[in-house]
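Analysis of the macromolecular model
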Amino acid sequence: MRLDYKRILSTVNAENFVGRIQELEAISAHAEAENEMKGLLFSAAPALGASEVLRQTFDRMFDENEKTIPFYFALKKSDKTAKQCAVRFLQMFLSQIVAFRRDDDELLASSPDICELAQISLPSDGNWIDRLIENCENDSRLNDERAFVRHCLSAPLRAKAHGTEVFVMIDDLHEAESFGGESDFIEELKDIFSRANVRFVFAGHRRFLFESFHGNYETLELAPLSFKEAGFLIEKLAENLNVAINEQTRDLITMQFGANPLFINLLFRAASEKEKNLDSFQRVEQIYTDELFGGRFGRFYDRIF
């Protein structure tokens, strides 16, 4: 598998993406498969890096610029309601379609609004995009929340009906638990994609997915990094961020953080910003303690609690 594709949505360069090639290949294979299993449930415990796997998949498919257009969308607590989330879903879907068609990934960073996207879409897509936007605007004016949500979430199906092949990746579905409003985002999503003729991935925390989704799905679970993979990641970070380590602290960091890639990254980012090394047990514990009581680790646990 190529590991020299351009970084677009991912947070690390492809060559530094450690220990997840098997999952990346599995998801990429699902996008191109021809079996009847359209859906894949991609589950993981918190902070293991499932989102990064999906973002790397997006970047690889976007860079290769083949027939199938990748679409990545992550739910957020800040969406508050299913309707707010659906608005952002539609905006991001159209952004990624137009950016792919125009081979312009910089368009994704500019966040054009839906009307602007309709104006700059290619003529081959213009008709179905205009119709989609018009239908959503009509439902919004009628204050029919459920119809509006369904129209937005059906956008990939409408694209498929007009000959546009899309691979849909919807991430952080567990965030829907905090949504208010009249519509049930997960139930609408399940109903729409149960009839979809597009290939898709639903991703989120393991417990939420297995409690919420039943039926005809393939499954893929993200496991923690192995001891060896975590050690390799630590060596990569030490080299890239110019933070000194030794074999003993490498193994300590691996064991202390349970080979969790997020926690390892947070520790090295903190050490780099403080211009401190991680070449003694005392330095590792000091930086971790500082971050736990007033830094990245503290903010991470605050969000959870």
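This report concerns the structure included in the present document. In this text the structure is predicted, and so the values were computed from the model without any measurement.

**Quick look at the packing of aromatic side chains**
Tallied over the full model, the rule gives 17 aromatic pairs. Centre to centre, the rings of F93 and W128 are 6.4 Å apart; their planes meet at 55°, and the pair counts as tilted. With F93 in helix 3 (residues 82–101) and W128 in helix 6 (residues 123–141), this residue pair connects regions lying 35 residues apart in the sequence. Aromatic side chains F200 and Y217 sit 6.3 Å apart centroid to centroid with 85° between the ring planes, which places their arrangement in the edge-to-face category. Of the two residues, F200 sits in strand 4 (residues 199–205) while Y217 sits in strand 5 (residues 217–222), which places them 17 residues apart along the sequence. Taken as a pair, F200 and Y217 share a single burial class, namely buried. Here the guanidinium or amino end of K190 rests over the ring plane of F213, the centre of that ring lying 5.7 Å away.

**Regarding the pattern of salt bridges**
Scanning the entire structure with this criterion turns up 16 salt bridges. Residue R250 is joined to D251 by a salt bridge in which the shortest nitrogen-to-oxygen separation is 3.2 Å. A network of salt bridges, in which partner residues are shared, links R146, R150, E188, D191 and R195.

**Concerning the layout of surface pockets**
There is about 1400 Å³ of room inside the largest pocket. Surrounding the largest pocket, 41 residues form its lining, A47, G49, S51, R55 and L262 being those nearest its centre. Elements with a minimum of two residues in the lining of the largest pocket: helix 2 (50–64), strand 4, helix 11 (227–241), helix 13 (261–273) and helix 15 (296–304). Tallied by class, the residues present in the lining of the largest pocket amount to 18 nonpolar, 10 polar and 13 charged.

**Thoughts on helix 1 (residues 21–32)**
Residues spaced three or four apart along an α-helix point in a common direction, a consequence of the helix completing one turn every 3.6 residues. Helix length check: helix 1 (12 residues) gives 17 Å between terminal C-alpha atoms against 16 Å at 1.5 Å per residue, within 8%. Every buried residue of helix 1 is accounted for by E23, L24, I27, S28, H30 and A31. The buried residues of helix 1 occupy an angular sector of 155° when projected down its axis, which confines them to one face. On its buried side, helix 1 packs onto strand 1 (39–44), helix 2, strand 3 (166–171), strand 4 and strand 5.

**Considerations on the nonpolar core**
Core analysis: the biggest nonpolar cluster contains 75 residues, and F42, I170, L173, F185, F193 and F202 have the highest contact counts within it. Ranked by the residues each element gives to this core, the list is headed by helix 3, at 11 residues. Beyond its immediate chain neighbours, meaning those up to four positions away, F202 contacts L40, L41, F42, I170, L173, L189, F193, L209, F213 and Y217. Core analysis: the next-biggest nonpolar cluster, separate from the first, contains 26 residues, A230, L233, I234 and L266 among them.

**A look at the side chain of R150**
For R150, the position within the fold is in helix 7 (residues 145–153). Owing to a relative accessible area of 18%, R150 belongs among the buried residues under this scheme. A polar contact is formed between the side chain of R150 and the side chain of E188, at a distance of 2.6 Å. Setting aside residues up to four positions removed in sequence, R150 forms contacts with E188, D191, I192 and R195.

**Brief notes about helix 2**
Compared with the 21 Å implied by 1.5 Å per residue over 15 residues, the 22 Å span of helix 2 between its first and last C-alpha is a close match. Summarising burial for helix 2: 13 of the 15 residues are buried, a large majority.

**Considerations on the pairing of strand 4**
Summarising burial for strand 4: six of the seven residues are buried, a large majority. Where strand 1 meets strand 4, six bridges bridge the pair, whose relative direction is parallel. Paired with F42 across the strands is A203, a residue of strand 4. Read from strand 3 through helix 9 (residues 185–194) to strand 4, the crossover connection turns out right-handed.

**Quick look at the environment of T219**
Structurally, T219 is set in strand 5. Its relative accessible area of 56% is what places T219 among the exposed residues. Among residues more than four places away in sequence, those in contact with T219 are L40, L41 and F210.

**Observations concerning the side chain of S212**
Tracing the backbone shows S212 in helix 10 (residues 206–212). Among the polar contacts made by the side chain of S212, one reaches the main-chain carbonyl oxygen of F208 at a distance of 2.9 Å. Excluding anything up to four places from it in sequence, S212 contacts I186 and K190.

**Focus on the sheet that holds strand 2 (residues 69–74)**
Read from one edge to the other, the open sheet built from five strands follows the order 2-3-4-1-5, with strand pairing classed as parallel. Only two strands of the sheet have a single neighbouring strand rather than two, namely strand 2 and strand 5. Strand-to-strand, the axes of this sheet are offset by a mean angle of 15°, without reference to chain direction. Bridge count for strand 3 against strand 4 is four bridges, and the pairing is parallel.

Procedures and definitions
Residues numbered from 1 in each chain as written. Predicted model: local features only at pLDDT ≥ 70, side-chain atom pairs only at ≥ 80, totals over all residues. Heavy atoms only, no water. Phe/Tyr/Trp six-rings, centres within 6.5 Å; stacked < 30°, edge-to-face > 60°. Helix = DSSP H or I, 4+ residues; strand = E, 2+ residues; numbered from the N terminus. Buried < 20%, exposed > 50% of the residue type's maximum accessible area, 1.4 Å probe, protein only. Lys NZ or Arg CZ within 6 Å of the ring centre and 35° of its normal. Salt bridge = Lys/Arg side-chain N within 4 Å of Asp/Glu carboxyl O. 1 Å grid on protein atoms, 1.4 Å probe; cavity = no way out; pocket = protein on both sides within 12 Å on 5 of 7 lines; lining within 4 Å. Points joined across faces, edges and corners; volume = space filled by probe spheres on them. Nonpolar A, V, L, I, M, F, W, Y, C, P; charged D, E, K, R; others polar. Expected span 1.5 Å × (residues − 1). Arc of directions from axis to C-beta. Contact = heavy atoms within 4.5 Å. Core = buried A, V, L, I, M, F, W, Y, C linked by side-chain atoms within 4.5 Å. Polar contact = N/O pair within 3.5 Å; in protein donor to acceptor, adjacent residues only side chain to side chain. Pairing = 2+ DSSP bridges. Right-handed = clockwise from strand over helix to strand, strands pointing away. Axes fitted to C-alpha atoms, helices over the stretch in contact; angles between N-to-C directions.

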